[in-house]
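Chains, contacts and geometry: an overview
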Amino acid sequence: MQDEISALRAENELLRSSLRNARLENAIRSSNDEPITMEQLGKFLLSPMQSKYLAMVILHAHADPLRRHNSGMMPYSDPGAGQGMDQRIEYYTDGALNTVVELCRRFFAPQVNCIVFRIDKDMGILLNPLERYTIDSSVKSGGYLQGLKRRVAELIFELDETLGFRNTAVISRIWEEQVSLRKMYLETIDTYDYSWNQTGAIHTYEELCAAPMTAEDRLEISALEQEFRNDVERMLYYEAAAVLDAILKKQFYHAVPLKEITVSVTARLRNALAIAEVTPAMRNLDMTEMSTLLRYISGAVSVPELQDRIHDFFASLADFSPQNAAGKGELILEYIQTNYQNPALNAQLLCDRFRISHSYLSRLIKAETGQGLVDCIHRFRVDHAKTLLRETDMSVEQVAVHVGFSSRYSLIRSFRTLEGLTPSEYRNRMKQSMEGHGE
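About the criteria used
- Residues numbered from 1 in each chain as written.
- Predicted model: local features only at pLDDT ≥ 70, side-chain atom pairs only at ≥ 80, totals over all residues.
- Heavy atoms only, no water.
- Helix = DSSP H or I, 4+ residues; strand = E, 2+ residues; numbered from the N terminus.
- Contact = heavy atoms within 4.5 Å.
- Pairing = 2+ DSSP bridges.
- Buried < 20%, exposed > 50% of the residue type's maximum accessible area, 1.4 Å probe, protein only.
- Axes fitted to C-alpha atoms, helices over the stretch in contact; angles between N-to-C directions.
- Parallel < 35°, antiparallel > 145°, perpendicular 65-115°, else oblique.
- Left-handed = near helix turned anticlockwise from the far one by under 90°.
- Nonpolar A, V, L, I, M, F, W, Y, C, P; charged D, E, K, R; others polar.
- Expected span 1.5 Å × (residues − 1).
- Arc of directions from axis to C-beta.
- pLDDT = per-residue confidence, 0-100.
- Salt bridge = Lys/Arg side-chain N within 4 Å of Asp/Glu carboxyl O.

Turning next to the overall build of the protein chain. From N to C terminus, the protein chain includes 19 helices and ten strands. Partitioning the intrachain contacts of the protein chain with sequence separation of at least 6 by distance along the chain shows that 66% fall at a separation of at least 24.

Next comes the structure, spelled out in structure tokens:
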């Protein structure tokens, strides 16, 4: 009888949890979500609030595993998200969700009531401290937030170790008396966007999105704006992109809303395009292509995406500029040819080096070689491996390392794909050919 009661209670709690998660997600997505009292929120979530304070933590999963640990609990990859690492969308598994629930019990109970939930590809935690453990002066002074940050840092460390991949946590401001779940969530999204150039795994709304802009900051931005206009007029498009980056960094740091920044960036780029269109040296400019890139920029929904699209825009302008004697694609191929021995040579390294996005890089390499980037890099490596196999006595493993492959098996696999035979078979064939010519 007792077992049946326990089973019914567990089933009831599971149903309440599912309903709570659905209500949380609906409130977060609803544009009509208005602030409600903590008492009303408790009834809505079927979990009475224990004090007048509430904070939201959003956990983001990263695809890259930790080198020191592999738990086998990598995030779930959406099979419909497309091919390639840069297109993969990562989701937390049910096991990861249960892990966070247990960690919350360890690090926050009994002082804080925690509600763990899913949202999009992330997980969230609502943190409501019990009244007897909360000191108003600590909340006002920021001491409570710093203590909360330390606990979340401990949770993240344990989560990384348990799951075997990196996680990032973003903390909203501490809401009091009345709350809006949607606005709390948007605070975490803004904070995550503004954390793109920050180190560490924990970021808070108060630290990244509450710094007022000073008169000195405005003067510096004004000077950068003038430098940007000068570079555009002189058709120095890569330099203009770098200056615009500096402007954005300052605006992001001072929490100018992303939508506002996107509008101002689009206006700047429209002016740059108008100048290029009437410049005689740019008469081959493809306005259709550039207008399409402008539309992509206006639809950016995150800081990294906005940056990628800005650099795509200027890279495309530079392709039409007489200042750019060699096309971007040609420069990238020269870089690959010079650095093929670097085992870390990959799409991310090239994107960082040339300040372009993954999609634009793929398009350039395809246009230049008719191949994908990986095939292009492997072709350079295999061609140099053929020379070493013909002209030296290096082992296959030594050749593989020398040309940039991570192992002999990677060389063998790529060699067979591109040449139709293994490195050893190629070396034997070359030896037989040379012996035949010698006779």
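Moving on: the pairing of strand β5 (residues 112-119). Across eight bridges, the pairing between β5 and strand β6 (residues 122-129) is antiparallel. Bridge assignment links phenylalanine 117 to a residue of β6, and that residue is glycine 124.

This part is about unusual backbone geometry. Note that the residue after alanine 109, namely proline 110, is joined by a cis bond; omega there is 0°. Its place among the elements puts proline 110 in the loop between α3 (94-107) and β5. The backbone of aspartate 120 shows a phi angle near 55°, a positive value even though the residue is not glycine. By the secondary structure assignment, aspartate 120 is in the loop between β5 and β6. Of the residues examined, aspartate 120 reaches a relative accessible area of 43% and is grouped as partly exposed. Notably, methionine 235 is not glycine yet its phi reads approximately 60°, a positive angle. Along the chain, methionine 235 turns up in the loop between α8 (215-233) and α9 (237-253). Relative accessible area serves as the criterion here: at 13%, methionine 235 is assigned to the buried category.

Another aspect to go through is the packing of helix α11 (residues 287-298) against helix α12 (residues 303-320). Relative orientation of the contacting elements α11 and α12 amounts to 170°, with a least axis distance of 9 Å. The orientation of α11 relative to α12 falls into the category roughly antiparallel. Crossing handedness for the pair α11 and α12: left-handed. Packed against α11, whose contacting residues are Glu289, Met290, Leu293, Leu294, Tyr296 and Ile297, the element α12 presents Leu306, Arg309, Ile310, Asp312, Phe313, Ser316, Leu317 and Phe320 at the interface. Its residues placed into classes, the contact of α11 with α12 shows ten nonpolar, one polar and three charged.

Moving on, we get to α3. The terminal C-alpha atoms of α3, which comprises 14 residues, lie 20 Å apart, in line with the 20 Å expected from a rise of 1.5 Å per residue. When α3 is considered as a whole, its buried residues turn out to be Ala96, Leu97, Thr99, Val100, Leu103, Cys104 and Phe107. Seen along its axis, α3 keeps its buried residues to an arc of 155°; they face one direction. More than 90 degrees from the buried face of α3, the exposed residues found are Asp94, Arg105 and Arg106.

Our focus in this paragraph is the confidence of the model for the protein chain. Low pLDDT means the predicted atomic positions in that stretch should not be read closely. Looking at the protein chain as a whole, the pLDDT averages 81, with 84% of positions reaching at least 70. When mean pLDDT is taken per element in the protein chain, β6 scores highest with 94 and strand β3 (residues 76-77) scores lowest with 52. Predicted confidence for residues 67-71 stays below pLDDT 50, and this span has nine contacts to residues more than four positions away or in other chains.

As enumerated under the stated definition, the model contains 14 salt bridges in all. Between glutamate 25 and arginine 29 there is a salt bridge, with its nearest N and O atoms 3.0 Å apart. Of this pair, glutamate 25 and arginine 29 both sit in helix α1 (residues 2-29), four residues apart, which is roughly one turn of the helix. Owing to a relative accessible area of 25%, glutamate 25 belongs among the partly exposed residues under this scheme. The partner of arginine 268 in a salt bridge is glutamate 225, with the nearest N and O atoms 2.6 Å apart. In this pair, arginine 268 sits in helix α10 (residues 258-277) while glutamate 225 sits in helix α8, placing the two residues 43 residues apart along the sequence. Judged by relative accessible area, which is 11%, arginine 268 ranks as buried. A relative accessible area of 17% places glutamate 225 in the buried class. Each of the salt bridges in this network shares a partner with another, and the network as a whole consists of Lys52, Asp136, Lys140 and Glu176.

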